[in-house]
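Below, each chain spelled out in residue letters.
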Amino acid sequence: MLESPFQYGKLAAGSTFVNRVREKQELKSNLYSGINTMLISPRRWGKSSLVKEAMKELVEERPDVRVCFLDVFTVRSEEEFYQLFAKEVIKATSNSWETWISNATEFLKTLSPKISIGVDPMTDFSIGLEYHRVKENERELLELPEKIACSKGIKIIVCIDEFQSLAGLKNYGHLEGEMRSVWQHHQKVSYCLYGSKRHMVIEIFNSSSKPFYRFGQLMFLQKIDETEWIKFIMNSFRRTGKEISTEDAGLIVEKVKSHSWYVQQLSHFVWSATRKAVTVEIVDKAFSQIVNTNLPLYVAECEALSITQLNLLIAIAKGESVLTGATTMSKYKLGTPQNVSKNKIVLEQKDILDKTVEGFYFLDPVFEFWFKSEYVDG
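So, how was this worked out
Residues numbered from 1 in each chain as written. Predicted model: local features only at pLDDT ≥ 70, side-chain atom pairs only at ≥ 80, totals over all residues. Heavy atoms only, no water. Core = buried A, V, L, I, M, F, W, Y, C linked by side-chain atoms within 4.5 Å. Buried < 20%, exposed > 50% of the residue type's maximum accessible area, 1.4 Å probe, protein only. Helix = DSSP H or I, 4+ residues; strand = E, 2+ residues; numbered from the N terminus. Contact = heavy atoms within 4.5 Å. Phe/Tyr/Trp six-rings, centres within 6.5 Å; stacked < 30°, edge-to-face > 60°. Lys NZ or Arg CZ within 6 Å of the ring centre and 35° of its normal.

## Comments concerning the nonpolar core
Here comes step 1: Ranked by internal contacts, the top residues of the largest apolar core, which has 52 residues, are Ile233, Val270, Leu313, Phe367 and Phe371.
Here comes step 2: Top contributing element to this core by residue count: helix α13 (residues 280-303), with 8 residues.
Here comes step 3: Once you skip the residues sitting within four places of it in the chain, Phe367 turns out to touch Tyr298, Glu301, Cys302, Leu313, Ile352 and Phe362.
Here comes step 4: If you look at the next biggest cluster of nonpolar residues, it comprises 46 residues, including Val89, Leu141, Phe212 and Phe215.

Printed below as a string of structure tokens:
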């Protein structure tokens, strides 16, 4: 059996990574030049894949660069964050487990680290730090990448995915202030911070009352151009011995409004259902399969909304623009103008809606299709 040329559910890499030439160059240029960069976009638009691909290229181009990746989604305490931070920085700046041990001992000596090595040291390596030592030496831990970079004559780029998850920690206010206070002085280290909850990330980096305000450059990720998607889809089908026309490739992109995750997912379903050549019927059937596959998620999303929030979503789906008008509020039972304002904020914070100068629109195009068929057209 042929392996699908389309990737979703995990990071797109290599031949499954699409274009983003300008964004990769900007990210590489920023971070190599020491400009901290905060990457912002809606969920599943390919932020993590972009960072991985850009940093892979940068390491190949610049032998003096080391890249450290952290995913802090499951971090539940300051202590856990510091241990993960120390471990990943040590691992990223050394190329053998023996060097990991010697570097941990050298650069963390005041914290008396407890180093654990498993059967396979390359995949089972951890650094244990006592809680009281962590609290006493927080700034030293945050200085770790700069100390190593200066000592080894290298540049280090620290990439932290799901950064907004740290905001849920009990003492995040303190941690946030310490990170900014230390990291803003680093000369050999730059930071790339990004996450999936767009509004939380924007609040962290774009609010003048927050420590990370103006910490670096905000980079807003845009959708991949339709023509690039069509070219990618056609090349992927051709490479695996199947045929798809420009029109049918365009139909795939159009149905999911160039949404990165869904373009890859729908293309995969179409590819899997095609023996030789794609037809419109195959695309339509695959799209229905996408809707059915995601149905439990969409139902759960709506069940988590209040009645007035759901009604507001229906009003927007029907094209209403003056949401606080007396007629609209009465027709859709939206409550008071204050209710409408509050519910708009909630729907934006949940990344269900976004606002442009033209008004509100659904961030998830397949959810929008299902929602309209369920609540508007049904």
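So much for the structure itself; the text now carries on.
## Topic: the packing of aromatic side chains
Here comes step 1: Counted by the stated rule, this structure contains 22 aromatic pairs.
Here comes step 2: Note on Trp183 and Phe212: the rings are 6.4 Å apart at their centroids and 55° apart in plane angle, and the pair reads as tilted. Remark: Phe212 occurs in the loop between α9 (198-206) and β7 (217-220) and Trp183 occurs in helix α8 (residues 172-183); sequence separation between them is 29 residues.
Here comes step 3: Here Trp183 falls in the buried class, since its relative accessible area comes to 1%.
Here comes step 4: Feature note: the residues Phe81, Tyr82, Phe85, Phe163, Trp183, Tyr191, Phe205, Phe212 and Phe215 constitute an aromatic cluster, connected by ring pairs.
Here comes step 5: Above the ring of Tyr32, the side-chain terminus of Arg62 is found at 4.4 Å from the ring centroid.
Here comes step 6: Against the face of Trp271 rests Lys242, its NZ or CZ located 3.9 Å from the ring centre.

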